[in-house]
Structure formats: structure tokens, C-alpha cells
Protein chains: 2
Amino acid sequence: MENKKDDKFNNINDSGSVGIVKTSYFDFANPSDEFVLSNGSKLSPVTIAYETYGTLNSDKSNAILIFHALSGDAHAAGYNSADEKKPGWWDIMIGPGKPFDTDKYFVICSNIIGGCKGSTGPSSINPKTGKPYGITFPIISIKDMIIPQKKLLDYFGIKKLFCAAGGSMGGMQLLQWLVSYPDFTEGAMIIATSPTHTAQAIAFNSVGRYAIIVDPNWNNGNYYGSEKPDKGLSIARMIGHITYLSEESMHRKFGRKIINGKIFQADIADFTKEFEVENYLQYQGESFIKRFDANSYLYISKAIDDFDITDGFENLTDAFKKIKAKCFVMSFTSDWLYPKEQSMKIVKALKINGIETTYTNFEAPYGHDSFLIDDDRLKRLFAGFLKSLEEHIQ
Amino acid sequence: MENKKDDKFNNINDSGSVGIVKTSYFDFANPSDEFVLSNGSKLSPVTIAYETYGTLNSDKSNAILIFHALSGDAHAAGYNSADEKKPGWWDIMIGPGKPFDTDKYFVICSNIIGGCKGSTGPSSINPKTGKPYGITFPIISIKDMIIPQKKLLDYFGIKKLFCAAGGSMGGMQLLQWLVSYPDFTEGAMIIATSPTHTAQAIAFNSVGRYAIIVDPNWNNGNYYGSEKPDKGLSIARMIGHITYLSEESMHRKFGRKIINGKIFQADIADFTKEFEVENYLQYQGESFIKRFDANSYLYISKAIDDFDITDGFENLTDAFKKIKAKCFVMSFTSDWLYPKEQSMKIVKALKINGIETTYTNFEAPYGHDSFLIDDDRLKRLFAGFLKSLEEHIQ
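This structure is a prediction, so every number in the text was calculated from the model and none was measured.

Calculation notes
Residues numbered from 1 in each chain as written. Chains lettered and ligands numbered in written order. Predicted model: local features only at pLDDT ≥ 70, side-chain atom pairs only at ≥ 80, totals over all residues. Heavy atoms only, no water. Pairing = 2+ DSSP bridges. Helix = DSSP H or I, 4+ residues; strand = E, 2+ residues; numbered from the N terminus. Axes fitted to C-alpha atoms, helices over the stretch in contact; angles between N-to-C directions. Contact = heavy atoms within 4.5 Å. Least-squares fit on C-alpha atoms with pLDDT ≥ 70 in both. Expected span 1.5 Å × (residues − 1). Buried < 20%, exposed > 50% of the residue type's maximum accessible area, 1.4 Å probe, protein only. Buried area = accessible area lost by both parts, 1.4 Å probe. Salt bridge = Lys/Arg side-chain N within 4 Å of Asp/Glu carboxyl O. Polar contact = N/O pair within 3.5 Å; in protein donor to acceptor, adjacent residues only side chain to side chain. Nonpolar A, V, L, I, M, F, W, Y, C, P; charged D, E, K, R; others polar. Phe/Tyr/Trp six-rings, centres within 6.5 Å; stacked < 30°, edge-to-face > 60°. Lys NZ or Arg CZ within 6 Å of the ring centre and 35° of its normal. Core = buried A, V, L, I, M, F, W, Y, C linked by side-chain atoms within 4.5 Å.

**Q** I would appreciate a short explanation of the sheet that holds strand β1 (residues 24–28) of chain A in the present structure.
**A** Strand pairing in a sheet is mediated by backbone hydrogen bonds. Such pairs are either parallel or antiparallel. Residue and element names in this part refer to chain A. A sheet is described by the order of its strands in space; here eight strands give the open sequence β1-β4-β8-β5-β11-β12-β13-β14, paired in mixed fashion. In this open sheet, the two edge strands, each paired with only one partner strand, are β1 and β14 (357–362). In this sheet, neighbouring strand axes are inclined to one another by 20° on average, regardless of whether the strands run parallel or antiparallel. Contacts between helix α11 (residues 376–393) and the sheet are confined to β5 (63–67), β11 (161–167), β12 (185–191), β13 (326–332) and β14, with β13 contributing the most and set at about 170° to the helix.

**Q** Can you help me understand the relation of the copies chain A and chain B in this one?
**A** A rotation about an axis combined with a shift along that same axis relates the two copies of the chain. It takes a turn of 180° to lay chain A on chain B, together with a shift of 0.0 Å along the axis; the resulting RMSD is 0.0 Å. Taken together, these values place the two copies in the relation of a two-fold axis. A share of 98% of interface residues in chain A that are also interface residues in chain B marks the association as one of identical surfaces.

**Q** How do you make sense of helix α5 (residues 230–244) of chain B when you look at a structure like this?
**A** Residue pairs three or four apart in sequence face the same way in an α-helix, which turns once every 3.6 residues. Relative to the 21 Å expected for 15 residues at 1.5 Å per residue, α5(B) spans 21 Å between its end C-alpha atoms, a close match to the ideal helical length. Taken across its 15 residues, α5(B) has 13 buried, putting it largely inside the fold.

**Q** What is the right way to read the interface of chain A and chain B from this model?
**A** When the parts come together, some accessible area is lost, and that loss is often what is quoted as the size of the interface. Between chain A and chain B, the residue contacts involve 57 residues of the former and 56 residues of the latter. In this assembly, chain A packs against chain B so that about 5,100 Å² is buried in total across both faces, 71% of it on carbon and sulfur atoms. At the boundary of chain A with chain B, the tally comes to four salt bridges. In this structure, E278(A) and R209(B) form a salt bridge, with 3.1 Å as the shortest nitrogen-oxygen distance. Taken together, the connections running from chain A to chain B amount to 18 residue pairs in polar contact (both at pLDDT 80 or more). Here the side of chain A that touches chain B takes 11 residues from helix α4 (residues 199–213) of chain A, the largest share from any one element. The residue inventory of the side of chain A that touches chain B, partitioned by class, reads 33 nonpolar, 12 polar and 12 charged.

**Q** What exactly am I supposed to notice about unusual backbone geometry here?
**A** Most peptide bonds take the trans form, and the phi angle of most residues other than glycine is negative. Cis geometry is found at the peptide bond from S44(A) to P45(A), where omega equals -10°. In this structure, A192(A) takes a positive phi of about 45° despite not being glycine. In this structure, A192(A) sits in the loop between β12 and α4. Within the chain, A29(B) stands out as a residue other than glycine whose phi angle is a positive 65°. Its place among the elements puts A29(B) in the loop between β1 (24–28) and β2 (35–36).

**Q** Please clarify how the packing of aromatic side chains should be interpreted in this entry.
**A** Any pair of aromatic rings gets described here by the distance separating the centres and the angle formed by the planes. Applying the stated criterion to the full structure yields 58 aromatic pairs over all chains. For the pair W336(A) and W336(B), a centre-to-centre distance of 5.2 Å together with 40° between the ring planes defines the contact as tilted. Of this pair, W336(A) sits in the loop between β13 and α10 (340–352) while W336(B) sits in the loop between β13 (326–332) and α10 (340–352), on two different chains. Summarising the burial analysis for this pair, W336(A) and W336(B) share the class buried. Pairing F288(B) with Y297(B) gives two aromatic rings, centres 5.9 Å apart and planes at 85°, and the pair type is edge-to-face. Aromatic ring contacts, followed pair by pair, group F26(A), F28(A), F35(A), Y50(A), F106(A), Y155(A) and F156(A) into a single cluster. The ring of F288(B) has R237(B) lying over it, and the distance from NZ or CZ to the ring centre is 4.4 Å.

**Q** Just to check I follow, could you spell out the pattern of salt bridges for this structure?
**A** When charged atoms on two side chains of opposite charge get close, those side chains can pair. In this structure the tally under the stated criterion is 38 salt bridges over all chains. Measuring nitrogen to oxygen at the nearest pair gives 3.9 Å for the salt bridge that ties D230(B) to K228(B).

**Q** Mind showing me how you'd approach the nonpolar core here?
**A** Ranked by internal contacts, the top residues of the largest apolar core, which has 76 residues, are I113(B), M145(B), W177(B), I190(B), Y297(B), F320(B) and L350(B). Apart from the residues within four sequence positions on either side, F320(B) is in contact with L175(B), V179(B), I309(B), I346(B), A349(B), L350(B), N353(B) and I355(B). Membership of the second largest hydrophobic core comes to 75 residues, among which are I48(A), A164(A), M169(A) and Y223(A).

**Q** Explain the sheet that holds strand β8 (residues 106–110) of chain B here, please?
**A** Residues and elements named next belong to chain B. The eight strands lie next to each other as β1-β4-β8-β5-β11-β12-β13-β14, forming an open sheet whose pairing is mixed. Edge positions in the sheet fall to β1 and β14 (357–362), since each of these pairs with one other strand and no more. Ignoring strand direction, the axes of neighbouring strands in this sheet form an average angle of 20°. Of the strand pairs in this sheet, strand β12 (residues 185–191) and β13 are connected by five bridges, and their pairing is parallel. Of the residues in β13, the one forming a bridge with I190 is V329.

The following block contains the structure:
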């Protein structure tokens, strides 16, 4: 064990880790100045968990804001403690010498409102009742998610981002950021996302939510302090996970491999533990319930389904007309959840508006989750865009 | 109501319905001659529900055997009573003047073993205990499903089928039929199927099974006479249903339409009843639990996942080497559950063996379920193959 820990820290040094980082908390919305959400609900106080990596320069021009996806959090890079086994969720991209180079940039990532990793969400205590909000927590939208992050930047005194980046739901937040604050970032990296969910994507999310709310432990969202709707949340995660992988990557990874080489000849049927892919999915479900709140899953996945960047506009081109950022749009060839057609809609609307845009349909077999995979070609593209952005500004 | 009923029967006459049909039952495997399943388990007695349409000719050469899919049953055509609202599951294809023309052919469809629509399955009474089998029912395979159907043909005195046809799991049964009884049918219509499930297809089925077994009402399969695991079975069906439709057909049918035009502004979150696609899926789940047994779903979906037509052979070509039938293979352009590559593997292995094979990747937007859609082009292809089969025999 001792050796393993040593290895990990050697590894950190080798690969340019930001090392040990501490999550910080930003509070706003006092009772006399409540946070008004897009559906008119009010919330106070609001706490946002965030992490930063690197140093903000004197003219505050080197900040990069990273938006996380459905199951992500503020912990995007490094380790929160020496005991932590895995680094932050985008550690492959953030660190000294990495594309989001912390020797040059000040990288910020915050947990969204509605989340369960330090930001105010359904599992937080409602000060008016002294009990967790549960489903009395207001409905949130992608638009509501970005406002606390803007307030966080204001708190830092950042007037304009060098870049903003996000994949999946992070990409939706970024699109919303560009529409809500069209002149607040020099560059935008819009990755594996969509202007709005298709019926199929809504369907997958909705069955997951259905599994949570029919779990008897869900109890209309009042399960804090008692048994949690773990089975329902597991099912939601398992469904989600299938959509994040490609058929090809599942085939490569599992194919029809049997758990422990067991042969199909049991006398009593074992309905969910024969194939390795079944084991994998159950493991994904079981590890997710340890780190995620079922009500947060309901709220956040619903915000994703409800998102439509054209809301309030005539169409996508109209929505994008004020954007001033240089844009980098990326889809992945094997992503069937947000296929390239959806990125191409974004690209087309940006280009019609004369916005400088580069687009890559990146060849990768890993499905939607490809942006989380350690791939040198991907890193070079990310670094290349950031370099071009530097040149663009100079 | 009176009028509506009249309309229906007018309609039956117009469209060439087989009219009112009665389900029959075939029994075999007495206690001294038990049915031995492929894993060595024994079962006695065994009942198989079946329906026939048309008349068996004197030399018993005009029989067509139809294999049903996961949620299908023996009731493939016509109406079981004057009150029945919908005809059998392949009524579009079976009837006088239809492709499986009951004026010419004797069409047989039987419910599989393990099912819950009249054939012996987990919900049947185990004569040794006087209680339903539940999960003491033996594990079944696709190979086990076809044996009772062969016995049924023996009972009719049929020595060779004119044709056999099946889509999805029906296609798997047909592949198994061709391998187990290579000279028992003149023609084979192998539709929207696969030689074996991919990891992704296993994953979808497995999450459905997981949802059933974690439903507290499942109670290790002992729920007969008490509350059933309806929620789990609903979830399984909802997941399945998404995979049976294409993204395009869901988009055309539902897009982002809101139930009753409701606007997203509720104070309390409604997590599963905003979009029409959510309503549709829940309706599919709720109607399925009224007609299907959760344990049957476990057994049958597991048999599908376990199926590998190459088991016991070197490869697909080796498995198909004795087949004597003329083959018609069909995939659908929008079927992502069993995409064309899987049908093409079948076609390739048939052709290498010199087996006369026609293959169509049929242009249809409805996904995997396209073979159940009323489409004149599809009917013409079916009728055309059957006609060519007649000419082939003469």
C-alpha cells in the first residue's frame, strides 16, 4: 500500500499534476437579495463549491472557466487529499504543461447549483425549515447554472475570460454562457454537446428519473437520514452509462466475455451476473450511489432535457448573433448520444453569424465519453486552439 | 360502440382478416418422458399455446411457421374475440390475400416455452409443488424454444415446412431452427436479427432485468398472488422500447412536444411528465405489465442474451454448412439494435456455403420495429420471396 501511494505521487510529478488542491466555497444571495431563478422561484442563501488551479495574473486576463457535465463537480484536477485514489475528472487536460496549462492560465471549475458536491442543491438544508429542500428545491435550468459562476468571476474581479470550455452538459452551459454573456470570453471550446436534447436523449434520461421516483425509498424526495433510493439511482446511472459508451467500445472492452469465465449451466438462473458488461454496469451504478444524490440527478438531468438554446429566439442563428468569442466545436465520431449533426448545427449557426469557428469531428471509438479519455491527439487540438487564441488576442 | 364494432368487422372483411381465431394448446412431456432442456434440466408436463390460420393441404406441404419476438405470443393474426380491440401482432402480414396468404398457406404460430401467454413458463404451476415455478423454472435457451415447436409440427404430421419466418428473437429461433433441422423448411425469412447479442444489446437487456429483480415486489420471483414487480417490469419495457425505435422515428413522432402543451413553469418539479415522449414510454410500460409476466421477461431476455448461433461450431460458416433452405435476409436501415452489419454476417456465411440467399437492407425510418409496420413495399418483398419459393419448388 505504502509503495502504491509513493508511485501515485511520483506519477503526479511526472505527468504535471496540480497536486493537492482544496475545494473553496463562494456564498451569495442573502435573504434581502435572493437569487431569482428563471422560473421565478427564489433561493437564499446560495453556496457554490469551486476549485482553482494556477494563478490569476495581474490584469486578470488569463482565466479559463471549465463547466462540468451531469455527474461532474468542482474537482476537475489534482487530488483533494493524499489518500485520494483518482484525480479530478479532467486531470488529463488541466495541470502544468497540459492543454489547460496551469503555469500560464488560472483555471476555475465550480459545482453547479442543484448539485450535491458542495453547491446548494436539493440535499442542502433549507434555512426556512431546517430540513433538506428535497423536491421543494426550485426547478433549475442551464441558464440558472451559469449565473452563480458569473457571480464567482465578478467576485474574482475577472472582466473577461481567456477561454471557457465544457463537454456534454458543460457544453450546454457554455452555449448558454455565450448567449447570456456574448462578450465575456475570448474563446469557447464547445465539446460533445447539443443545442437541445432529442426525443431519444430525453427518453433515456426520463426512464432513469422514473426509476428513481418509483423506488420506494425515494419517498417523494424525503429520504435524507433514512434509506436512499439507491436502486433507482443505480438504474438511472446504468442507463446513462450505456449511452456514454459506443457500441464499438463496449464490444472491444467486454464483447461477450463471461464473469470469471463462468459457463452458462447454472441450475438456478442468474439474470444479471453472467456477462462482464453486466458486472461493469452494476459497478458503475454502485459506485455512483456513493457519490451522488438522487434528487440532484432528477433536477440536473431535467435541466438538460429542458434546455433549448433557441428559447426566446427565432432560431439558432438568431440566438448566436451577439457572440464575440472565437469558437472551437468538437464532436466525436462514435458519440451516438450527441452525434456530429448536432455539433454541425452549432457550427453552421456560428458561421452564418461570421463568428470565427473551427470544427472537428474527432475520430475516437469511445462514444460520448471520448472527451474524458487520455488521447494525445485530443490534447494537441486543445492546446492548439488555446495557442491560436493567444495569437488572436495579441 | 355498436357502430364501432360493426366498423371493425367491416374492416376485417375489407382487409382480409382471418377473423375470430381460437388459441389451441399442445401438451407433451409426460412424467415418464420429461422434456430435457439444453442445460440438462427436466420439465414435465409442457404445454405450448398455438394458433393456426388457413388449412393444411393433403400432402402437408403448405405450412409456414412464424416465430415470435420477446414480447410476442401465439396470437399472430385475427381476433380472439369480437371484443378484442387490436388484432394479432403480425396481422398486417397474415390473412387471406396478405403475404402469408391463408387462402394458400397453413400458418402456425406458437407461444414459446418460458412465456406467459398459455405456454409453460415461470408463472405456470409446478405439479410437484402445486405452486408457480417462479425462478425454480429451468433456464431456457433459444435452442429449447424451438424443440416444442418441432414437436407441434410432428403432431400435425408435417414433414417439411414450406417456409419459416421470424423477426428479432423470432429470427434467432429461425437461425437455430435452420441449424438444428437443416432440411426441415423450403424457405427461411430471417428478419431484423443477429447471430448473437453485442455487449450493448446485452447491457440494455441486463439493466431491464436488474430493474425487475431490485423491485421489492419481485421477492426472488415469488410474487404470484401478491403485488407484482410492476415498476421494475415497466422500466425494463421502457428501456427496451427506446431501443426498438429509431432516433428519427422518435423525433418525427414526439420531437420536444410537451404534454397538453404545458409550459415549463411548474413550481414543484415534475420529473417524468413534461414531454410527450415520456408519456408515451410510461404508457408502453403500463400496458405491458397488464399482459406480461416479469419472470418470463427475465427468462426470455436472458435466453436472447445467451444466444450464440456459433456455439458448438467453429464459426458462423461452419454453423450454417448443412442448411438446405432458400434464405431471405432483411435488415432495416434505421435499426440500431440489430444493425445491418449483423444481417450481413449471416448473409456472408450463408453465401459461402452456397445457400441461395437474397438480402435487403430495407429503407425504413421506424427502427428495429420496422418489420411490424404496415408498409406495402415490405409486403411486396415478403410476397415476392414466397412466390419465388413456390417457383423454386416446382
